[in-house]
Amino acid sequence: MTILVTGSAGFIGANFVLDWLQRHDEKVVSLDKLTYAGNLRNLESVKDDARHRFVRGDIGDNPLVADLLKEHRPRAVLNFAAESHVDRSIDGPEDFIQTNIVGTFRLLEAVRAYWNPLAEEERRNFRFLHVSTDEVYGSLTPAAPAFCETHRYQPNSPYSASKAASDHLVRAYHHTYGLPVLTTHCSNNYGPYHFPEKLIPLVINNALLGKPLPVYGDGQQIRDWLYVGDHCGAIRRVLEAGRPGETYNIGGNNEKTNVDVVHAICGMLDELRPRPDGKGYRDQIAFIKDRPGHDRRYAIDASRIQRELDWKPRETFDSGIAKTVRWYLDNQAWVQSVTSGAYRDWMDRQYRE
Ligand code: NAD
Ligand code: DAU
């Protein structure tokens, strides 16, 4: 048996592939375009593993995907591939439309053509698992209940709008063609291999470099932090036992303001890697211009996946952030390898002021 994983050289995709190969003998074909966010170093440890085959390519390249499906005959396709950074989608939405909408559409078309003529049992057992986000639900007021699976879609950024569009396509392929799809909506992930454009790895990296720790606006925005290993476990469980056509929300039960997250990282670093001048890392915090259209609060109600699939997160924020900060301290060579010229151009543009 084989699964096809797209976006496998990115943060969550790579964690998923590494986790999968530690637990299963089932073969993984991984497909990634290797954009600025994709990094083969993330998959270095499985480079020579006979159960893993990496292919560089675009989910929107229909002939390539069709060939891969024909050659490897996977029992499931897991779609992690996406443009994923909200700030980049504000800076330039085009790539988000191309990959998240057009790319997902072409991938669905290739999968439909492969799945249609399969034998009855293979058709029934096949799964297309689409990894989406809580951001499609929009922003919550402080006292509002957390997002459940039936919450209305209200995407507010070009990124979340493009993910919402892809979710609708996935849903339509189930409703119209009967393709056995599963959609997951997770909250903010963090952990190893997180690209340092996102809040947590950016703050760790900037702190160690003695640079400002940029907090947008008043820093009181809330995210529900989910350790990436917990997310991988949830995806495995949905793949195994999720009901085709259903959606599952996955969250960490860890609502935190951005300022509290930054303070927690500073506290960890003060302990593990004190500044040479004896001062605290909190001195580096800089409140800067807010993100346009910044969503105030996300929170996930993960009761369905807990009730129906018996999944719940294992990590608390304290245990997850401790593992994460340690991983970054121990993997400085990885950080240096991903903070390439293109990364530095983005940082200069985004944080110029
Ligand atoms: P990431 O940006 O770290 O990785 C995305 C990967 O997709 C990269 O390896 C990139 O090279 C690849 N990719 C981009 N365009 C491609 C294309 N056209 N064809 C093939 N590969 C392509 O993103 P991530 O944080 O790992 O997120 C993975 C998925 O999870 C995304 O769909 C994202 O929307 C979703 N998600 C992420 C989070 C989070 O907190 N990181 C939360 C909710 C949902
Ligand atoms: O909620 C799920 C989403 O989480 C995913 O769908 C996205 O792919 C993922 O990137 C993430 O989006 P966010 O915008 O929430 O993550 P980010 O790490 O960019 O920002 C987290 C919070 O921190 C957000 O409120 C913006 C703020 N922030 C971010 C950066 C990069 C800052 O205050 N300063 C910064 O420099």
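See the structure printed just above.
Keep in mind it's a predicted model, so treat the numbers as computed, not measured. (Residues numbered from 1 in each chain as written. Chains lettered and ligands numbered in written order. Predicted model: local features only at pLDDT ≥ 70, side-chain atom pairs only at ≥ 80, totals over all residues. Heavy atoms only, no water.)

(A) Geometry of the overall build of the protein. Broken down by element type, the protein carries 13 helices and 13 strands. Principal-axis analysis of the C-alpha atoms places the extent of the protein at approximately 65 × 45 × 40 Å. Buried positions account for 54% of the 353 residues belonging to the protein. Long-range pairs, those at least 24 residues apart, make up 81% of the contacts in the protein between residues at least 6 apart in sequence. For the protein, the computed accessible surface area is about 15500 Å², with 47% contributed by carbon and sulfur atoms. With 44 positive and 47 negative side-chain charges, the protein shows a separation of 1 Å between the mean positions of the two kinds. (Helix = DSSP H or I, 4+ residues; strand = E, 2+ residues; numbered from the N terminus. Buried < 20%, exposed > 50% of the residue type's maximum accessible area, 1.4 Å probe, protein only. Contact = heavy atoms within 4.5 Å. Areas by Shrake-Rupley, 256 points an atom, 1.4 Å probe, with all protein chains shown as cover. Lys, Arg positive; Asp, Glu negative; His and termini not counted. Charge placed at Lys NZ, Arg CZ, Asp CG, Glu CD.)

(B) Layout of the site of ligand 1. Within the structure, ligand 1 sits among 28 residues, and Ile 12, Asp 32, Ser 84, Tyr 159 and Lys 163 are positioned closest to it. Contacts to ligand 1 include Ser 84, whose side-chain N or O atom sits 2.7 Å from an oxygen atom. Separating an oxygen atom of ligand 1 from a side-chain N or O atom of Tyr 159 is a distance of 2.6 Å. Isolated, ligand 1 exposes 830 Å² of accessible area, and the fraction of that covered by the protein chains is 97%. Where the shell around ligand 1 is concerned, the elements lending two or more residues are helix H1 (11-23), strand E5 (127-133) and helix H6 (158-177). When residues in the shell around ligand 1 are grouped by element, the largest group, three residues, is from E5. The residue makeup of the shell around ligand 1, split by class, is twelve nonpolar, twelve polar and four charged. (Near = heavy atom within 4 Å. Polar contact = N/O pair within 3.5 Å; in protein donor to acceptor, adjacent residues only side chain to side chain. Nonpolar A, V, L, I, M, F, W, Y, C, P; charged D, E, K, R; others polar.)

(C) The arrangement of the state of the cysteines in detail. Under the counting rule described, the total for this entry stands at zero disulfides. Free cysteine: Cys 232, not disulfide-bonded; nearest cysteine sulfur from Cys 186 at 9.9 Å. With a relative accessible area of 1%, Cys 232 lands in the buried category. (Disulfide = S-S within 2.5 Å.)

(D) Spatial organisation of the nonpolar core. Grouped together as the largest cluster of nonpolar side chains are 69 residues, with contacts concentrated most on Phe 16, Leu 78, Ile 200, Ile 265 and Ile 305. The contacts of Ile 265, once residues within four sequence positions are left out, are Ile 200, Val 203, Ile 204, Ile 321 and Val 325. In this structure, Val 65, Leu 69, Trp 115 and Tyr 173 belong to the second largest nonpolar core, which totals 23 residues. (Core = buried A, V, L, I, M, F, W, Y, C linked by side-chain atoms within 4.5 Å.)

(E) The pairing of strand E2 (residues 27-32), seen in detail. Counting buried residues in E2 gives five out of six residues, a clear majority hidden from the surface. Pairing of strand E1 (residues 2-6) with E2 involves five bridges; the strand directions are parallel. Bridging across to E2, Ile 3 finds its partner in Val 28. In this structure, E2 lies alongside strand E3 (residues 52-56), joined through five bridges in parallel fashion. Looking across to E3, one finds that Val 29 is bridged to Arg 53. (Pairing = 2+ DSSP bridges.)

(F) A look at the site of ligand 2. The local shell around ligand 2 holds 24 residues, among which Asp 134, Tyr 159, Arg 291, His 294 and Tyr 351 are the closest. For ligand 2, an oxygen atom lies 2.8 Å from a polar atom in the backbone of Leu 199. Within the side chain of Arg 291, a nitrogen or oxygen atom sits 2.6 Å from an oxygen atom of ligand 2. Isolated, ligand 2 exposes 680 Å² of accessible area, and the fraction of that covered by the protein chains is 95%. Those elements that provide at least two residues to the shell around ligand 2 are helix H3 (86-91), helix H7 (199-209) and strand E8 (213-216). When residues of the shell around ligand 2 are assigned to their parent elements, the largest contribution, three residues, is made by E8. Residue classes in the shell around ligand 2 are distributed as nine nonpolar, eight polar and seven charged.

(G) Representation of the sheet that holds E1 in the model. Taken in spatial order, the seven strands of this open sheet run E3-E2-E1-E4-E5-E6-E11, and their pairing is parallel. Edge positions in the sheet fall to E3 and strand E11 (247-250), since each has one partner strand and no second. Each strand of the sheet is rotated relative to its neighbour by a mean of 20 degrees, with strand direction disregarded. Strand contacts of helix H4 (residues 94-115): E1, strand E4 (76-79) and E5, with the helix running at about 170 degrees to E5, the strand carrying the most contacts. (Axes fitted to C-alpha atoms, helices over the stretch in contact; angles between N-to-C directions.)

(H) How the structure looks around the pattern of salt bridges. Summed over the entire model, instances satisfying the criterion amount to 22 salt bridges. The salt bridge partner of Arg 112 is Glu 109, with a shortest N-O separation of 3.0 Å. Of this pair, Arg 112 and Glu 109 are both found in helix H4, three residues apart, which corresponds to roughly one turn of the helix. Assessed through its relative accessible area of 24%, Glu 109 is described here as partly exposed. Because the salt bridges share partners, they merge into one network encompassing Arg 243, Glu 246, Arg 304 and Glu 308. (Salt bridge = Lys/Arg side-chain N within 4 Å of Asp/Glu carboxyl O.)

(I) Structural view of unusual backbone geometry. With a phi close to 45 degrees, Arg 73 is a non-glycine residue in the positive phi region. Topologically, Arg 73 is positioned in the loop between helix H2 (62-72) and E4. Phi at Tyr 193 is positive, roughly 65 degrees, even though this residue is not glycine. Looking at where Tyr 193 falls in the secondary structure, it is placed in the loop between strand E7 (189-190) and H7.

(J) Focus on H7. A large share of H7 lies buried, amounting to eight of its eleven residues. By the burial criterion, the buried members of H7 are Ile 200, Pro 201, Leu 202, Val 203, Ile 204, Asn 205, Asn 206 and Ala 207. Turning to H7, the residues buried within the fold contact E7, E8, helix H9 (258-272), helix H11 (317-330), helix H12 (332-338) and helix H13 (341-350). Where H7 terminates, the next one or two residues include Gly 210, which has phi positive at roughly 75 degrees.

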